[in-house]
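These are the residues of each chain, in order.
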Amino acid sequence: MSFLSTLFPAYAEIFLLAMVSVILIADLFTSGRTKTVTYLLVQLTLLGCSLITVATHQNGVTHLFHNMFVDDLMSDVLKLLSYLAVSMMLVYSRSYLLARGLFSGEFLALVLFALMGIMVMISASHFLTLYLGLELLSLSLYAVVALQRDSATATEAAMKYFILGALASGLLLYGMSMLYGATGTLDVNAVSAAIQHGVANKALLVFGLVFIVSGLAFKLGAVPFHMWVPDVYHGAPTAMTMLIGTAPKLAAFAFVMRILVEGMQPLMIHWSGMLAILAVLSMAVGNISAIAQTNIKRMFAYSTIAHMGFLLVGVLSGGIEGYGSAMFYAVIYVLMSLGGFGMIMLLSREGFEADTLNDFKGLNQRSPWLAFMMLLLMFSMAGVPPTVGFYAKFSVLNAAVAAGHIPLVIMAVLFSLIGAFYYLRIVKLMYFDAPESHERIYMQPDSTLLISINGLVVLALGILPGTLMSVCAVSVQQSLLLH
Amino acid sequence: MSNMQNLYLLVPLAPLVGAIAAGLFGKVLGRTWTHRITISLVAVSFLASLAIFQDVLAGHQYNGTVYKWMTSGDTSFEVGFLIDRLSVMMMLVVTFVSLMVHIYTIGYMQEDPGYQRFFSYISLFTFSMLMLVMANNFMQLFFGWEAVGLVSYLLIGFWYTRPTAIYANLKAFLVNRVGDFGFLLGIGLVLMVFGTLDYASVFANVHRYVNDMAPIPGVSWNLITAICILLFIGAMGKSAQFPLHVWLPDSMEGPTPISALIHAATMVTAGIFMVARMSPLFELSETALSFVMVIGAITALFMGFLGIIQNDIKRVVAYSTLSQLGYMTVALGASAYSVAVFHLMTHAFFKALLFLAAGSVIIAMHHDQDIRNMGGLRKYMPITWITSLIGSLALIGTPGLSGFYSKENIIEAVRLSHLPGSGFAYFAVVAGVFVTAFYSFRMYFLVFHGEERFGKEVHHPSTSSGQAHAPAAHAPVAHVVAHTDAHHPSTGSGQAIAHDDGHSPDAVHEEHHGLAPGQKPHETPWVVWLPLVLLAIPSVCIGFITIEPMLFGDYFKDAIYISHAHHALAEMREEFHGAFAMIFDDLTELPFWLALAGVASSWFFYMKRPDIPAAIKQRFEGVYTLLDNKYYFDRFNDWFFAGGARGASRFLWKFGDVNLIDGVMVNGTARLVGRLSGVLRNMQSGYIYHYAFSMIIGVFVLLTIRTWFE
């Protein structure tokens, strides 16, 4: 009993694991194509996880499993947002997947396993736990992408993702091994302490750092480790793309925070330079390439790359302001992405993918409300006030200016300007062009409601960003202060 | 205390909810529910203001942040309330007048298709104005400032199919932009120097900067003077002070209820309120005070003159508003802030009353607004008549009525002021008394007394005898006015005139105005006259009741700061022996006799010998033309500013935009980016070994850079 009660910071993970097993078995005994029971069980699991995470929250930082696992405000906030993102993703993609016969028990189980990986990554305070979470997440995602076995593009995407992911994992592990060689430990805090006290071999450390940053960059999809992003986003069924493009970004942010900020804060001058290069390249390549795309999923892929570049600007600026704004940016990015992919799935129907730019032509005539929601999302992605995307960009730039990275800020603004073009092009297509098809849009009540909330939240947060911003700042502060 | 905070929030939010309900769901709610909801919410706001007033009187004040909007560097932008005696008084005035106007609107807008929209706008206005007066920082002040400007714009152009209304609202917006530009610069200067936008911290630190120079390169202006004058330029726009007054007369294109609410009682007084609120700043700069006083004096006198020759009933009241705003500004300049605010309050009541009464007359006359077509309405509209008479008497400062106390004290304060320009200001405000009385009673007599000139077969001025009334001599008016606003097919000056004239193509298409032959006007419904009665009560007695605490008591002691060097008010306090005594003292003073003379001469000119004004006009045609063209301000603005701006814009468009920016920069970069994009797209080959290679290259590059920098 006393052992179990010491585990309470990990109750959410334990509960999730138990529920995945339950769901796997329950799925065998429920019939029917729609999988309603399983689906509801999954949603209930997510709700349960949220309740547990809230209930087991406590102030300060709690370590568990010999410092391999950490529970702090940042992890709780990020986990809650991940549940929300996964839950929203399921609502958006349910009818899409049902229409394609992909809404199976395995899919739901894989999604939950991926979530498990995300949670482990978020709460990891040891390089091995981090790696464990990362692999759990990645393997689930490879499988999810390949789930549409008979689609050549999906399997190709899965293959590319898997091979490049394996390469990235190799780089990461190699980096970690060098870090271990230099410091003699894999505990994030111990690593930090070892570097601080100068007992570590500097050359080895920096060498390891380069490999770790490369691995991170792959997860984030930063240039030049980004090549998988467009192909996977494009090739995978939209629901899977949405899964890859949303909650895992929160995990990637946590990953960066745990490894670079908590574990290697003393090396900041080294890694911030590398991040700056990655950030500028990502913003440049992402925004410029997105312009030439005709497929909206591919366009979103490049837009992700650009957004991750922006996020890196926040991280490398440092300080509560920098990390806080990066976290804010990650959260907002996930929110906007959910809406964007959700819109593609809403417009798709059986045997038809609304994934080219032409499919958005004249949307205002077909459904003014959906067009307006898309307008809000696009404005937000482009960073037009009063949507929240503006505030996210603004706070990142603000932190960067405060940290003195003026040239970086100028480049970020310039590339955002270029980026605004392709977001606004969608708005133009929706409002000023004639529709190519007049087919009625079948609006699922649940996903229509969700996208309305999604769009309006983007607007509301833009006007009143204060609360979320301070949550981000406080959680970053709390998890960093005690090191 | 937290209960009170909720109450503070309720005051602005209730009208906002009303505005949203009426604006977004007006169609669903229907007319009746729309006005029920908005009126009750404004009533809630009024009652909450009353409760807060009680609380403030009990000695509680509040200054705090409600919501932190965002932080930029060390500056935070907040929504906060400063509830003291000044703001609570403004809240009461705003919500009360607004409530009256809401009720009145039921009757006035009865047949208008934009009924719900109108209610939404006036509730939104109430919200904005409350945010303005309750602000505890410059940012929120500016928000309220712009929001009332926006609503004013929307309401002036409420009948958006009329070209004249669109012209008027554009004009109001542009002229206010000029003022707001100064205002924004002033706020910027405050932020730059003080590093905060919070009133309290600015006022607390202001004494440290008394002798500083403004951080503007190339000039050596005193900092406080620069701030004050810039802020006052904002007030000049909003409160229609010379030379930014040009928009207010045209704003009469809007429906009458908003003329009462926005362009007489509340919004235009925002500038006065702002200067009173900033008294700790203005007190430190005699130059700024002098400037304020002279501008106010010019407005008070010269805008009064224009009221004399107007024939549109609403325009007469509009020019009277301009002139009264000038009075308030003069009082500000004389450091008699409390007197200005006192006049603001009394004026709000009687001017709203006059406007609503004018609206009532307009309803009865079936939307004919020309006073030459009225006359003898007294017996048909008894309630409107008696309330108008009260309003006019209060306006001209009849001893005992509310306007008397405020105006008399303004004159007194100016007399005691020693600032440069106070001599001129004293002359202007005293002469203004005569002018005010003259034009007010000219309108009163022409509307309510004398021959009944409505319901005639033809309203053509040239057919009338000229003996019976003045219009014959007014025949050229429509043409001249049409010239003034030359860029527009119709005139900015009341389509009633154009209609009379019968030439204007616009007027022909509009619904028929005026009474049909033989038709008689009759009293308006209760929703229209009830507000008149309710406003008449404070117009009579509010001055008598409140003069002692507001001016000579210590009602404003925490809200308004007066430097010891400016002792006009203190001297007046010495001489004050009670409200009653003031009435009797005044009977021997010049202003009283001037007012009396004004009334008498207007009676003589327009009732007894209507041929005299015509003769005067012929004799002094130059002066008349000058006045009729409103001192050629509009024409100058159209030619110089509008024309100049168009010329400059054309150059920038043709050369700067089309050639340089579009040709070289925009399309040039776009082409470059497009090409780059194509190249990058080709790099995404689809081959997995290319991808892996790019990763390896990445690692290699990072490693090289890292090891080099070691």
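Residues numbered from 1 in each chain as written. Chains lettered and ligands numbered in written order. Predicted model: local features only at pLDDT ≥ 70, side-chain atom pairs only at ≥ 80, totals over all residues. Heavy atoms only, no water.

**Brief notes about the interface of chain A and chain B**
With 44 residues of chain A at the interface, the matching set in chain B holds 27 residues. Taken over both partners, the interface formed by chain A and chain B buries close to 3000 Å², and the fraction arising from carbon and sulfur atoms is 72%. Here chain A and chain B share zero salt bridges between them. In this assembly, chain A and chain B are joined by five residue pairs in polar contact (both at pLDDT 80 or more). Of all elements in the fold, only helix 7 (152-183), helix 9 (202-220), helix 10 (228-235), helix 13 (268-291), helix 14 (296-317) and helix 18 (388-402) of chain A reach the threshold of two or more residues within the side of chain A that touches chain B. The class makeup of the residues in the side of chain A that touches chain B is 31 nonpolar, nine polar and four charged. (Contact = heavy atoms within 4.5 Å. Buried area = accessible area lost by both parts, 1.4 Å probe. Salt bridge = Lys/Arg side-chain N within 4 Å of Asp/Glu carboxyl O. Polar contact = N/O pair within 3.5 Å; in protein donor to acceptor, adjacent residues only side chain to side chain. Helix = DSSP H or I, 4+ residues; strand = E, 2+ residues; numbered from the N terminus. Nonpolar A, V, L, I, M, F, W, Y, C, P; charged D, E, K, R; others polar.)

**Let's talk about the packing of helix 12 (residues 286-309) of chain B against helix 27 (residues 621-628) of chain B**
All names here are of chain B. For the pair helix 12 and helix 27, the least separation of the axes is 9 Å and the interaxial angle reads 105°. One finds that helix 12 runs roughly perpendicular with respect to helix 27. For the pair helix 12 and helix 27, contact is made by F305, L306 and I309 and by Y624, L627 and D628, respectively. Taken together, the residues that form the contact of helix 12 with helix 27 break down as five nonpolar, no polar and one charged. (Axes fitted to C-alpha atoms, helices over the stretch in contact; angles between N-to-C directions. Parallel < 35°, antiparallel > 145°, perpendicular 65-115°, else oblique.)

**Considerations on a negative patch on the surface**
All names here are of chain B. A grouping of E574, E575, D585 and E589 is seen on the molecular surface, where their side chains present a negatively charged patch. As for its placement among the helices and strands, E589 is situated in the loop between helix 24 (579-586) and helix 25 (590-608). With relative accessibility at 36%, the residue E589 sits in the partly exposed group. (Patch = residues over 30% accessible without salt bridge, like charges linked within 9 Å, V, L, I, M, F, W, Y side chains within 5 Å. Areas by Shrake-Rupley, 256 points an atom, 1.4 Å probe, with all protein chains shown as cover. Lys, Arg positive; Asp, Glu negative; His and termini not counted. Charge placed at Lys NZ, Arg CZ, Asp CG, Glu CD. Buried < 20%, exposed > 50% of the residue type's maximum accessible area, 1.4 Å probe, protein only.)

**Examining unusual backbone geometry**
Residues A:V223 and A:P224 are joined by a peptide bond in cis, for which omega reads 5°. In the segment running from B:F242 into B:P243, the intervening peptide bond is cis, with an omega of 0°. Although it is not a glycine, A:H66 sits at a positive phi angle of roughly 55°. Considering the arrangement of structural elements, one finds A:H66 in the loop between strand 1 (62-64) and strand 2 (69-71). A positive phi angle is found at B:A240, which is not glycine, with a value near 50°. A relative accessible area of 0% places B:A240 in the buried class.

**Some thoughts on the pairing of strand 2 (residues 75-83) of chain B**
Residues and elements named next belong to chain B. Buried residues dominate strand 2, accounting for seven of its nine residues. The pairing of strand 1 (residues 62-72) with strand 2 spans nine bridges and is antiparallel. Bridge pairing in strand 2 links S72 to T75. (Pairing = 2+ DSSP bridges.)

**Examining a nonpolar patch on the surface**
A cluster of nonpolar residues, B:F651, B:L652, B:F655, B:L660, B:I661, B:V664, B:M665 and B:V666, forms a patch on the protein surface that exposes about 770 Å² of accessible area. The topology assignment puts B:F655 in helix 28 (residues 633-683).

**Structural notes on the environment of A:V458**
Along the chain, the position of A:V458 falls in helix 20 (residues 445-463). Spatially, the C-alpha atoms of A:V458 and A:G389 are 7.7 Å apart, while their sequence positions differ by 69 residues.

**Some points on the packing of helix 17 (residues 368-382) of chain A against helix 20 of chain A**
Geometrically, a packed helix pair is captured by the angle between its two axes and the distance between the axes. Residues and elements named next belong to chain A. Orientation of helix 17 relative to helix 20, taken along the N-to-C sense of each, is 40°, at an axis distance of 9 Å. Our classification of the angle between helix 17 and helix 20 gives oblique. Along this stretch, helix 17 crosses helix 20, giving a crossing that reads as left-handed. Mapping the contact onto sequence places W369, L370, M373, L376, L377 and S380 in helix 17 and I451, S452, N454, G455, L456, V458 and L459 in helix 20. (Left-handed = near helix turned anticlockwise from the far one by under 90°.)

**Details of the confidence of the model for chain B**
Residue and element names in this part refer to chain B. Counting all residues, the mean pLDDT for chain B is 79, and 90% of those residues have values of 70 or more. Mean pLDDT values over the elements of chain B span from 36, in helix 18 (residues 471-474), up to 90, in helix 3 (residues 115-134). Across residues 460-512 the pLDDT falls below 50, and counting only partners more than four positions away or on other chains, this stretch makes 84 contacts in the model. In the predicted complex, the global pTM is 0.64; the interface-specific ipTM is 0.83. (pLDDT = per-residue confidence, 0-100.)

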